Amino acid sequence: MISAVQQIQSGLTAYGKAIKLILTNKMAKFFAIPIIINIIIIAILWHFSGQLSDFLVEKINNSWQISQSWSGFLGGATAVVTKIFIFAAFVFIGGNIIILAMSPVYSMMSEKTDTILTGREYQFSAKQTAKDIWRGIIIAIKNSIIQLAMIVVCFIISFIPVVGVAGTILMFLINSYYFGFSFLDYNNERYRRSRSQSQAVVKRYKWLSITIGAVYALSLYIVCGAFIAVFTGGVATVAAAIAQIEIENKDKMEQ
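Per chain, the residues get numbers from 1 upward, laid out in the order the sequence is written. Predicted model: local features are reported for residues with pLDDT of at least 70 only, side-chain atom pairs are reported and counted for 80 or more only, and whole-chain, interface and lining totals are derived from all residues. For the side-chain quantities, the full set of heavy atoms in the structure was used; hydrogens and water were omitted.

Caption draft 1: View of the pattern of salt bridges. Think of a salt bridge as a Lys or Arg side-chain nitrogen and an Asp or Glu carboxyl oxygen that are within 4 Å of each other. Scanning the entire structure with this criterion turns up six salt bridges. For Glu-246, the salt bridge is made with Lys-17, and the minimal N-O distance between the two is 2.8 Å. Of this pair, Glu-246 sits in helix 9 (residues 225-254) while Lys-17 is found in helix 1 (residues 4-24), placing the two residues 229 residues apart along the sequence. Across the pair Asp-251 and Arg-204 runs a salt bridge, and its minimum N-O distance is 2.9 Å. Of this pair, Asp-251 sits in helix 9 while Arg-204 is found in helix 7 (residues 195-204), placing the two residues 47 residues apart along the sequence. On the accessibility criterion, Asp-251 (2% relative accessible area) is buried. Within this structure, Asp-114, Arg-120 and Arg-190 form a network of salt bridges that share partners. Helix and strand labels come from DSSP, where a helix needs a run of H or I of at least four residues and a strand needs a run of E of at least two; each type is numbered from the N terminus. Three labels apply to residues, based on accessible area from a 1.4 Å probe with only protein chains included: buried if under 20% of the type maximum, exposed if over 50%, partly exposed otherwise in between.

Caption draft 2: Molecular detail of unusual backbone geometry. We note that Lys-26 has phi near 55°; this positive angle belongs to a residue other than glycine. If you trace the backbone, Lys-26 turns up in the loop between helix 1 and helix 2 (32-64). Its identity is not glycine, yet Arg-192 carries a phi of approximately 60°, on the positive side. By the element assignment, Arg-192 lies in the loop between helix 6 (163-190) and helix 7. On the basis of relative accessibility, which here comes to 48%, the residue Arg-192 falls in the partly exposed class.

Caption draft 3: Region of interest: the packing of helix 6 against helix 8 (residues 206-220). Relative to each other, helix 6 and helix 8 sit at 105°, their axes nearing to 6 Å. Our classification of the angle between helix 6 and helix 8 gives roughly perpendicular. Contact residues: Phe-172, Leu-173, Ser-176, Tyr-177, Phe-179, Gly-180, Phe-181, Phe-183 and Leu-184 in helix 6; Lys-206, Leu-208, Ser-209, Ile-210, Ile-212, Gly-213, Ala-214, Tyr-216, Ala-217, Leu-218 and Leu-220 in helix 8. Tallied by class, residues from the contact of helix 6 with helix 8 come to 15 nonpolar, four polar and one charged. Orientation is described by axes fitted as lines to C-alpha atoms, over the contacting stretch for helices, and by angles from 0 to 180 degrees between their N-to-C directions. In these notes the angle categories are as follows: under 35 degrees is roughly parallel, over 145 is roughly antiparallel, 65 to 115 is roughly perpendicular, and the rest is oblique. Contacts are assigned to residue pairs with any non-hydrogen atoms lying within 4.5 Å of each other. Classification used: nonpolar for Ala, Val, Leu, Ile, Met, Phe, Trp, Tyr, Cys and Pro, charged for Asp, Glu, Lys and Arg, polar for all others including Gly.

Caption draft 4: Expanded view of the packing of helix 6 against helix 7. Where helix 6 meets helix 7, the closest approach of the two axes is 10 Å, and the angle between their N-to-C directions is 125°. Between helix 6 and helix 7, the angle is such that the two are oblique. When the axes of helix 6 and helix 7 are compared, the crossing they make is right-handed. Judged by residue contacts, Tyr-177, Phe-181, Leu-184, Asp-185 and Asn-188 of helix 6 engage Ser-198, Gln-199, Val-201, Val-202 and Lys-203 from helix 7. Of the residues belonging to the contact of helix 6 with helix 7, the class tally is five nonpolar, three polar and two charged. Helix crossings get a hand from a simple test, with the near helix turned counterclockwise from the far one by less than a right angle marking a left-handed crossing and a clockwise turn marking a right-handed one.

Caption draft 5: Seen up close, the packing of aromatic side chains. Two rings from Phe, Tyr or Trp (for Trp, the six-membered ring) form a pair when their centres are within 6.5 Å of each other. A pair whose planes differ by under 30 degrees is stacked, one over 60 is edge-to-face, and the rest are tilted. Counted under the stated rule, the structure contains seven aromatic pairs. Consider the rings of Tyr-106 and Tyr-186, whose centres lie 6.3 Å apart with planes at 70°: the pair is edge-to-face. With Tyr-106 in helix 4 (residues 103-118) and Tyr-186 in helix 6, this pair connects stretches of sequence that are 80 residues apart. Judged by its relative accessible area of 4%, Tyr-186 falls in the buried class. Between Phe-179 and Tyr-216, the ring centres sit 5.0 Å apart and the planes meet at 85°, which makes this aromatic pair edge-to-face. Of this pair, Phe-179 sits in helix 6 while Tyr-216 sits in helix 8, and the two are 37 residues apart along the sequence.

Caption draft 6: Molecular detail of the nonpolar core. What we call a nonpolar core is a set of buried Ala, Val, Leu, Ile, Met, Phe, Trp, Tyr and Cys residues that are connected through their side-chain atoms within 4.5 Å. Counting 49 residues, the largest nonpolar core has Tyr-106, Met-109, Phe-183, Ile-212, Tyr-216 and Val-238 as the members making the most contacts within it. Tallying contributions element by element places helix 9 first for this core, with 10 residues. In this view, Met-109 contacts Met-27, Phe-30, Phe-31, Gly-234, Thr-237 and Val-238; residues no more than four positions away in its chain are not counted.

As structure tokens, this is what we get:
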């Protein structure tokens, strides 16, 4: 059994190896897609926030009969507050949305990494790809629900004096674990492991999952992190493939 220290070390060093592999194997082209995804996400959020602010202003005007001068001020203020709220909410839940939206691209990056490292070739099948995407969506939704429920509990605990610090740390570890789960699952999916088998593998290498996911999670907490995380997710995917291949090979040798 690979120790927690070995898993953490493998996860951290895998990021450096991932960046080198991406640059030396012409995989940087995959990052053109995140740019397009970012533009689409920003456009959707901007449009939705505008629609929501117009709806709120109309409801307030109809309810309170505000004068025209105040209506203009209220409309501007509501638009600003609404946009800030929606973008802040996206930063909070954006990690899972990004992984879900980028799943086909991350899956290709993971497969390409595997081929480079092991020489294994995977034949393309539209039917199998559709199954893999559906499988990924089901796992992402299931994990997101569990993750959100646990985060809410930890958020409540974080307000308790002294114990609250543990709640905050636990919140970060939970987010990291489930983000890492998604990146490792691309490998398990490629190896035709069932959802339950994938869960067992990630549980076995939970510290690897936490380490891989932690770097991605940290990128979400910086300014405009949800948009930077689109690129971090690509590196995390490659790092997860590198680390999991290394660790599973070591595990087999030690058995």
